[in-house]
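Notes for the structure review
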Amino acid sequence: MSVKQFEIRKEKRETNEQLSVLESTQQVIHTALENMGYRQEVYELLKEPLRLLTVRIPVRMDDGSVRVFTGYRAQHNDAIGPTKGGIRFHPNVTEEEVKALSMWMSIKCGITGLPYGGGKGGIQCDPREMSFQELERLSRGYVRAISQIVGPTKDIPAPDVFTNSQIMAWMMDEYSRIREFDSPGFITGKPLVLGGSVGRESSTAKGVIIAMKEAAKVKGLEIRGSKVIIQGFGNAGSFLAKFLHDEGAKVVGISDAYGALYDPEGLDIDYLLDKRDSFGTVTRQFSSRITNQELLIQPCDILVPAALENQITEENAADIQAQIVVEAANGPTTLRATEILTEKGTLIVPDVLANSGGVIVSYFEWVQNNQGYYWTEEEVDTKLEAILTASFLQVHQTAITRGINMRLAAYMVGLKKMVEASSFRGWI
Ligand SMILES: NC(=O)C1=CN([C@@H]2O[C@H](COP(=O)(O)OP(=O)(O)OC[C@H]3O[C@@H](n4cnc5c(N)ncnc54)[C@H](O)[C@@H]3O)[C@@H](O)[C@H]2O)C=CC1
Ligand SMILES: O=C(O)CCC(=O)C(=O)O
């Protein structure tokens, strides 16, 4: 596509916010590269993953029938090192979503200086409607299907939406049957007894808090006493609610796939954590629930989308009351919404920065697996904080110096090393 065609498509899209996550990611990458003065070939290289594998996975269901699931693994760019990123089990997984997710992983690893490119995987399925045994067979089938392109020096998966340490354990076990000698570092987010890292489970939320504290300093806000709304009560959202509650913030809203709870006086987070199931579902137990969309526009100081993509859009951005939006989810805010929020002075901490705590501690897990020597929680926390704080400051400084929004600044910071590495390799 020529620059002119790109501009025309961009203009058409901006008047009608039908942006796909892939197209909007391409749009920001294009602008970021242009701002840095890179040639069009660089965009051509980075606008899509280098590799995408689509697999069909036959699974024997408990009733004896066979269901065939579609899965994907995308590897965006491996100039810097192996690709890295989670695996999502969700009914709405698409090729396009997995591609965008892999591109966000590249940028995340670039911002935080991890020696990886981005990868991501997903299977179209609804684990909430599958038995434990069916899930195990699906997880193992997926690993058999992608085993040729993954590995500790090629592409290292991890958990994402509706996957967890048990699923990582089955996947690692299956991989170790196929490749006997390089299994521990093949996947991260494993249970501790199988070479997991202390702190990985809560690392996404810990990283979100570190980024949130930096953003709060910029806005002159104190976390203690701030009112926070969190959309999504799974791995990222529930640990975050707990940590914020323990730090004296008032968590006034939470949600899951079925609805939301809001109380301006603060919710009883320990009670809700106790009632939540392993898929992060809790709201169905309350008759007082509101919708996810209603939750996002309730009064609060800080809003944390921690569920899925495209939640804050042109439709609701103007009504968001938070001073700070910290994106724990990947892709929760559209580009038009980013502009609307930025124009009205809301500070956005973009996904590729805010939720990078997960992959940072996954990197620590991989390093520990490679060394065979395991760190304490204190070491993990200290290193995580150092990387994330420096990353926030670099992105924020870029935004201020260049007079651009935080998302564009994050992309510029995140793409730089990948472009340099691709150039040194002679790819562009
Ligand atoms: N788990 C991790 O280490 C990381 C996760 N993320 C991102 O954080 C987000 C959440 O991931 P996890 O907490 O791991 O997933 P999870 O599977 O543990 O929890 C997902 C939560 O979102 C809710 N949800 C699902 N569909 C929803 C909808 N349509 N509306 C509102 N809520 C909905 C679920 O009910 C659940 O509470 C995702 O965007 C993921 O990519 C980002 C970095 C790392
Ligand atoms: O832990 C990882 O390697 C990746 C986590 C992930 O999928 C993400 O950051 O979106």
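Everything below is about the structure shown above.
In this report, we go over the structure that sits alongside the text.

Conventions and cut-offs
- Residues numbered from 1 in each chain as written.
- Chains lettered and ligands numbered in written order.
- Predicted model: local features only at pLDDT ≥ 70, side-chain atom pairs only at ≥ 80, totals over all residues.
- Heavy atoms only, no water.
- Core = buried A, V, L, I, M, F, W, Y, C linked by side-chain atoms within 4.5 Å.
- Buried < 20%, exposed > 50% of the residue type's maximum accessible area, 1.4 Å probe, protein only.
- Helix = DSSP H or I, 4+ residues; strand = E, 2+ residues; numbered from the N terminus.
- Contact = heavy atoms within 4.5 Å.
- Near = heavy atom within 4 Å.
- Polar contact = N/O pair within 3.5 Å; in protein donor to acceptor, adjacent residues only side chain to side chain.
- Nonpolar A, V, L, I, M, F, W, Y, C, P; charged D, E, K, R; others polar.
- Pairing = 2+ DSSP bridges.
- Axes fitted to C-alpha atoms, helices over the stretch in contact; angles between N-to-C directions.
- Salt bridge = Lys/Arg side-chain N within 4 Å of Asp/Glu carboxyl O.

Quick notes on the nonpolar core
Generally speaking, soluble globular proteins have nonpolar side chains that are buried together. Grouped together as the largest cluster of nonpolar side chains are 83 residues, with contacts concentrated most on Leu244 and Val304. The dominant element in this core, judged by the number of residues it contributes, is helix α15 (residues 406–424), at ten residues. Apart from residues no more than four positions distant in its own chain, Val304 is found in contact with Val208, Met212, Val228, Ile229, Ile230, Gln231, Leu240, Val326 and Ala328. In terms of nonpolar packing, the next biggest core, distinct from the first, is built from 27 residues, Leu138, Val143, Ile149 and Met171 among them.

Brief notes about the site of ligand 2
Neighbouring ligand 2 are 14 residues; Lys84, Gly86, Lys108, Lys120 and Ser362 lie closest to it. The separation between an oxygen atom of ligand 2 and a polar side-chain atom of Asn330 is 3.0 Å. Ser362 has a polar side-chain atom sitting 2.6 Å from an oxygen atom of ligand 2. When contributions to the shell around ligand 2 are tallied by element, the ones reaching two or more residues are β3 (83–90), α4 (95–112), β5 (155–159) and α13 (357–371). Here the shell around ligand 2 is composed, by residue class, of four nonpolar, five polar and five charged.

Some words on the sheet that holds strand β10 (residues 324–326)
Spatial ordering of the open sheet is given by β8-β7-β6-β9-β10-β11, a layout of six strands whose pairing is mixed. Each end of this open sheet is capped by a strand with a single partner; those strands are β8 (259–262) and β11 (347–349). Taken pair by pair, the neighbouring strands of this sheet meet at an average axis angle of 15°, ignoring direction. Where strand β6 (residues 227–231) and strand β7 (residues 250–256) come together, four bridges link them in parallel fashion. Residue pairing for β7: Lys227 is matched across the bridge by Lys250.

Some points on the pattern of salt bridges
When the charged atoms of two side chains lie near each other, side chains of opposite charge can form a pair. Considering all chains together, one arrives at 29 salt bridges under this definition. Between Arg39 and Glu41 there is a salt bridge; the shortest N-O distance is 3.0 Å. Its relative accessible area of 48% is what places Arg39 among the partly exposed residues. In this structure, the salt-bridge partner of Arg137 is Asp62, at a minimum N-O distance of 2.7 Å. In this pair, Arg137 is assigned in helix α5 (residues 132–146) and Asp62 in the loop between β1 (51–60) and β2 (66–75), connecting sequence segments 75 residues apart.

Comments concerning the environment of Gly248
Inspection of the secondary structure puts Gly248 in the loop between α8 (235–246) and β7. In this structure, the C-alpha to C-alpha distance between Gly248 and Arg224, residues 24 residues apart in sequence, is 4.5 Å. Discounting chain neighbours no more than four positions away, the residues touching Gly248 are Ile223, Arg224 and Gly225.

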